[in-house]
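Notes for the structure review
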Amino acid sequence: MIEVFGLTSNPRKELPPAVDDVTFEARAGHVTALLGAPGAGKTTALRLMLELQPGRGITYFRGRPLHRIAHPSREVGVLLGDVPGHPARTVRGHLRMLCAAAGLPVRRADEVLEVVGLVSLRDERLGTLSRGMDRRLGLACALLCDPHTLVLDDPADGLTAREIRWLHAMLRAHASQGGTVLHTTADPKEAARTADRVVTLEQGRLVADQEAAEFARTRLRPRVAVRSPHAARLAALLTKEARTGQRSVEIVREGGNRLSVYGSTCADVGETAFRHGILVHQLADEIGDMGAGAAAVPAQEPQTPRQPSPVTADRAPDVPRQTENSPAPPEPSLDAGDASAAPLDTGDAPGAPLDASQTSADAHRPPFDASKSAVGAPRAPLDASRNAEDAPRAAVDAPQTASEPVDASPPSADEPQISTETTAGAQVSDDARVAAGRARTRSGGPGEVRTLDAPPALPPPISVRPSPSPLRPLRYELRRAAGISTGFITGAVVLAVSVLTAVILARIGHTPQPRLLAAWPQELPLPPAALGAGLLGALSFGDEFRHPALAADRGTVPRRLGLLAAKLLVTAATALLLAFLTVGCNAEALYLVYGRELAQVPADWLSLSASWLGLVVGCAWAGVLAAGVFRSTTAGLAAVVSVPILVVPLVHKVLEGPAVRTAAGFPMRLREVLLMQWPFGGERYLAAAARVVGQPVGGALALSLSVLLCAYLLTTLRSRVR
């Protein structure tokens, strides 16, 4: 379960805090809705719970705060905003990258894609996904590590009505296995229909914490919506008749020619208008929202007329309720051209009729039957003594089966209608259809195609090794680097520019052969290969901050030494490959254009090769460390360019200045200190490395890498202490 105590965000200058002393709990096995209008503080509350922004208060997930959980993604599945993925990465590639980071097998990505219905879009780029598909991918990311708790920020945003029913049925299935579900919404009707408990926020403060039935009774009330050009006269007549008949009727002037009549029926209002000859343009039953403040007011209080309030975008529209003789309009299919698509559920709840004392669509929801669950092996209950109070209610939005006819006619209103007349036989048949669908889901083979009309099933439980593996960050970094084409395009551009530069330099002349092979003009601070390696290194950490795929549970990119080592290893391998390809392509181009003379191997090829490889790898590592410290790709590339422009002249000045002693004979003394003979002539390579570091460029690069590494370690320790 989730226990929240005293969440308070930091004050914003002269404005009050966005969240002020919010305390509630979300029980295991239940779906809890955090309700509030846009700007009420729902998202801020979730970010405070997940420790994504500073504030006061504490949140316990099954008795532990998030920073005390070793692997938060296995305990809490998070969906906040859009999926933080690179727009050029594929859907399946993004999930496989997350699987590598979490130590999950690759098949887990395909399992969650099948559950959320994105199998057909697995090769689509993230940048091409619609809002609804992005939300489904976010749900797949949240379910990837089989978490116990789901924390979702407006998960139904961008989904159609059919997909919303599928989503809430899936959340209900997760809760039925003993999991905890907390989601935000701005629609009170949706909260009452889909949640077991509703927590209401208004202007950052907690105004109500109620069961769904109590919330619906106190806040959602049936009313009659009336539109008439003589609204004032009709309101006076209805008030007079109610006073004469000693009936409790509340009439609210909503603005213009619209009235909302509470405590009456369409028949009574229509008869009153007919007797007095009043023209009526609209007369319909609705479920009215009494506002956030009404949720905490007891229903026995006398009703007083309210002032008309303007209708804003953050207030959910009123849903017309059907009368006894009015047919239920069908909902349009997701694919209008598919005549064989499964039929849709035309009602929002198969429960008992709504009345003034019980207006929630979930008020008569049948008790949950664990034998009908559409999921795999059930989770072990957290506390056996709480099974009775934590038993979830069954999902009411179960879709219909394909045996029923489909009515393809468009709906008569913009909003879906809530049916108020349901017979007992129809309710029994709905339960039978749900049970039959769940049985088919359990017995379905691997070739079965799952649709939104099928009862939702969670991905199968998966066991993850608790011990960390050094290969996890390496696998993640390999999938991250190879999952997009940026690195390949950068390498191709570097090779093309290097070949062109080498050919032009050879034509001009006056350029030493080593610089020709490296395509390094004397006028440029660095060769194209070194700049390209630095850019690839900066992108390796810069993309983590631009598209923080690992930051869904912690906010910032985790500065772990394992992740840094993996990035340094992958960028070093990439830089070495780029250095070899650059020299090879340049030598081949010079041989083809000018002959063998310019393509010969230099006599001191060993020291030149060590210098060249050290320069390219050093630039790549400088880009990685600078981007990790300053959290920007631009800062990483700027650090690479600043080494020859700023640091090298400084080292030159230090080395050329007056000195009492020099470091002459350093390689020989180093060999004497080690007192050993290196195998395969290793002392030669060590001496070559020492000579590289002794050069101004090598020394400047080594100095820069040391400073950046120390800064990275300092920020890592600082973040851990905080």
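Across its full length, the chain carries 22 helices and 14 strands. Counting over 722 residues, the chain shows a buried share of 46%. Pairs at least 24 residues apart make up 78% of the contacts formed inside the chain by residues separated by at least 6 positions. For the chain, the accessible surface area stands at approximately 35,200 Å², while carbon and sulfur atoms represent 59% of it.

Within the open sheet, the 3 strands sit side by side as β2-β1-β4. Their pairing is antiparallel. Of all the strands in the sheet, just β2 (22–26) and β4 (55–61) have a single pairing partner and so form its edges. Pairwise comparison of adjacent strand axes, ignoring direction, gives a mean angle of 15° for this sheet. Of the pairings in the sheet, the one linking strand β1 (residues 2–9) to β2 comprises 4 bridges and is antiparallel in character.

Here we come to unusual backbone geometry. For Asp146, which is not a glycine, the phi torsion comes out positive at approximately 55°. As for its position among the elements, Asp146 is in the loop between α5 (131–143) and β6 (149–152). In this structure, Ala519 is a non-glycine residue whose phi angle is positive, near 55°. Secondary-structure assignment places Ala519 in the loop between α15 (513–518) and α16 (528–546).

Let's shift gears to the packing of helix α4 (residues 107–116) against α5. Closest axis-to-axis distance for the α4/α5 pair is 9 Å, and the angle between their directions is 135°. Classified by the interaxial angle, the pair formed by α4 and α5 is oblique. Between α4 and α5 lies a crossing whose hand is right-handed. Contact residues: Arg108, Val112 and Val116 in α4; Arg136, Leu139, Ala140 and Leu143 in α5. A class-by-class count of the residues in the contact of α4 with α5 yields 5 nonpolar, no polar and 2 charged.

With that out of the way, let us pick up the confidence of the model for the chain. The share of residues in the chain with pLDDT of 70 or more is 66%, and the mean pLDDT across the chain is 74. Note that pLDDT drops below 50 for residues 296–451; the model gives that stretch 254 contacts with residues more than four away or on any other chain.

Across 6 bridges, β1 lies against β4 in antiparallel orientation. From the neighbouring strand, Thr8 faces β4, where its bridge partner is Arg56.

Attention shifts here to the nonpolar core. Core analysis: the biggest nonpolar cluster contains 54 residues, and Leu95, Leu137, Leu139, Leu152, Leu167 and Met170 have the highest contact counts within it. Residues in contact with Leu167, not counting those within four places in the same chain, are Leu139, Pro155, Ala156 and Leu159. Grouped together as the second largest cluster of nonpolar side chains are 35 residues, Leu615, Val617, Ala620 and Leu625 included.

As enumerated under the stated definition, the model contains 24 salt bridges in all. Between Arg27 and Glu25 there is a salt bridge, with the nearest N and O atoms lying 3.5 Å from each other. By relative accessible area, which is 26% here, Arg27 ends up partly exposed. With a relative accessible area of 29%, Glu25 lands in the partly exposed category. For the salt bridge of Asp123 with Arg92, the shortest nitrogen-to-oxygen distance reads 3.6 Å. Of this pair, Asp123 sits in the loop between α4 and α5 while Arg92 sits in helix α3 (residues 91–102), placing them 31 residues apart in sequence. Salt bridges here are not isolated pairs; linked through shared partners, they connect Glu477, Arg480, Asp543, Glu544, Arg546 and Lys567.

On to the environment of Gly117. Turning to its location among the elements, Gly117 is positioned in the loop between α4 and α5. For the pair Gly117 and Leu137, spaced 20 residues apart in the sequence, the C-alpha separation amounts to 9.3 Å.

Another point: the packing of α5 against helix α6 (residues 161–176). When two helices pack together, their arrangement is captured by the angle between the axes and the distance separating the axes. Their axes nearest at 12 Å, the elements α5 and α6 cross at an angle of 10°. As the angle between them shows, α5 and α6 are arranged roughly parallel. Together, Met133, Arg136, Leu139 and Leu143 of α5 and Glu163, Trp166, Leu167 and Met170 of α6 make up the contact between the two elements. Across the contact of α5 with α6, the residue classes tally to 6 nonpolar, no polar and 2 charged.

Next up on the list: the sheet that holds strand β5 (residues 76–79). The strands that make up a sheet pair up through hydrogen bonds in the backbone, lying either parallel or antiparallel. In space, the 6 strands of this open sheet follow the order β5-β6-β7-β3-β8-β9, with mixed pairing throughout. Lying at the two open borders of the sheet, with one neighbouring strand each, are β5 and β9 (205–211). Averaged over all neighbouring strand pairs, the angle between strand axes comes to 15°, with direction disregarded. Summarising the sheet, β6 and strand β7 (residues 180–185) pair through 4 bridges and their orientation is parallel.

Okay, the side chain of Thr44 next. Relative to the helices and strands, Thr44 is located in helix α1 (residues 42–49). Discounting residues that sit within four places of it in the chain, Thr44 has contacts with Ser9, Ala18, Val19 and Gln53.

Turning next to the packing of aromatic side chains. Following the criterion strictly, the structure yields 1 aromatic pair and no others. With a centroid separation of 6.0 Å and 70° between ring planes, the pair formed by Phe5 and Tyr60 is classed as edge-to-face. Note that Phe5 is positioned in strand β1 and Tyr60 in strand β4, a separation of 55 residues in sequence. The side chain of Arg515 reaches across the aromatic face of Trp520, ending 4.6 Å from its centre.

On to the side chain of Asp543, then. Note that Asp543 resides in helix α16. For Asp543, a relative accessible area of 7% puts it in the buried group. Setting aside chain neighbours within four positions, we find Asp543 in contact with His86, Arg480, Ile484, Pro548 and Thr633.

This next bit is on helix α9 (residues 231–244). For α9, spanning 14 residues, the distance from its first C-alpha to its last is 20 Å, which sits close to the expected 20 Å at 1.5 Å a residue. Along α9, the residues classified as buried are Ala231, Leu234, Ala235, Leu237, Leu238 and Ala242. When α9 is viewed along its axis, its buried side chains cluster within an angular range of 165° and face the same direction. Facing away from the buried side of α9, by more than 90 degrees, are the exposed residues Lys240, Arg243 and Thr244. As for α9, its buried residues are in contact with β10 (220–227), β11 (250–255), β12 (258–262) and α10 (266–275). Among the residues trailing α9, Gln246 stands out with phi positive, at a value near 55°.

A cluster of nonpolar side chains, Tyr591, Leu592, Val593 and Tyr594, forms an exposed patch at the surface whose accessible area comes to about 390 Å². Looking at the element boundaries, Leu592 is found in helix α17 (residues 561–594).

Turning next to α17. With 34 residues, α17 should cover 50 Å at 1.5 Å per step; its first-to-last C-alpha distance of 48 Å lies within 8% of that length. Of the residues flanking the end of α17, it is Gly595, one or two places downstream, whose phi is positive at about 100°.

Summarising the element assignment, Val112 is placed in helix α4. Val112 gets classed as buried once you look at its relative accessible area, which sits at 1%. Each C-alpha atom, one on Val112 and one on Cys141, is 8.1 Å from the other, the two residues being 29 residues apart in sequence.

Calculation notes
Residue positions are given per chain, counting from 1 as you read along its sequence in written order. Note on the predicted model: pLDDT of at least 70 is required for a residue's local features to be given, and 80 or more for side-chain atom pairs to be given and counted; whole-chain, interface and lining totals, by contrast, use all residues. The side-chain figures draw on all heavy atoms in the structure; neither hydrogens nor water molecules are used. Secondary structure counts use DSSP, requiring at least four H or I residues in a row for a helix and at least two E residues in a row for a strand, with both numbered from the N terminus. Think of it in three bands: residues with accessible area under 20% of the maximum for their type are buried, residues over 50% are exposed, and the middle band is partly exposed, with areas taken using a 1.4 Å probe on protein chains only. Residue contacts are counted whenever heavy atoms from the two residues lie within 4.5 Å of one another. Calculation of accessible area relied on Shrake-Rupley with a 1.4 Å probe; when residues are assessed, cover is drawn exclusively from the protein chains displayed. What makes two strands pair is DSSP finding at least two bridges between them. To get an axis, a line is fitted to the C-alpha atoms, and for a helix only the part in contact is used. The angle between two axes follows their N-to-C directions and goes from 0 to 180 degrees. Small angles under 35 degrees read as roughly parallel and large ones over 145 as roughly antiparallel, with 65 to 115 read as roughly perpendicular and the rest as oblique. What makes a crossing left-handed is the near helix being turned counterclockwise from the far one by less than a right angle; a clockwise turn instead makes it right-handed. Classes in brief: Ala, Val, Leu, Ile, Met, Phe, Trp, Tyr, Cys and Pro nonpolar; Asp, Glu, Lys and Arg charged; the others, Gly included, polar. pLDDT expresses, on a scale from 0 to 100, how confident the predictor is about each individual residue. Buried Ala, Val, Leu, Ile, Met, Phe, Trp, Tyr and Cys residues that are joined via side-chain atoms within 4.5 Å together make up what is termed a nonpolar core. Put simply, a salt bridge is a Lys or Arg side-chain nitrogen that is within 4 Å of an Asp or Glu carboxyl oxygen. Here is the rule: rings of Phe, Tyr and Trp (six-membered ring for Trp) pair when centre to centre is within 6.5 Å. Planes less than 30 degrees apart are stacked, more than 60 are edge-to-face, and the remainder are tilted. Definition used: whenever NZ (Lys) or CZ (Arg) falls within 6 Å of the ring centre and also within 35 degrees of the ring normal, the charge is taken to sit over that ring. One less than the number of residues in a helix, times 1.5 Å, gives the span that helix is expected to have. Each direction from the helix axis to a C-beta atom contributes to the arc, which is the arc of those directions. The patches described consist of residues with a relative accessible area above 30% and no salt bridge, like charges being joined within 9 Å and nonpolar side chains (Val, Leu, Ile, Met, Phe, Trp, Tyr) within 5 Å.

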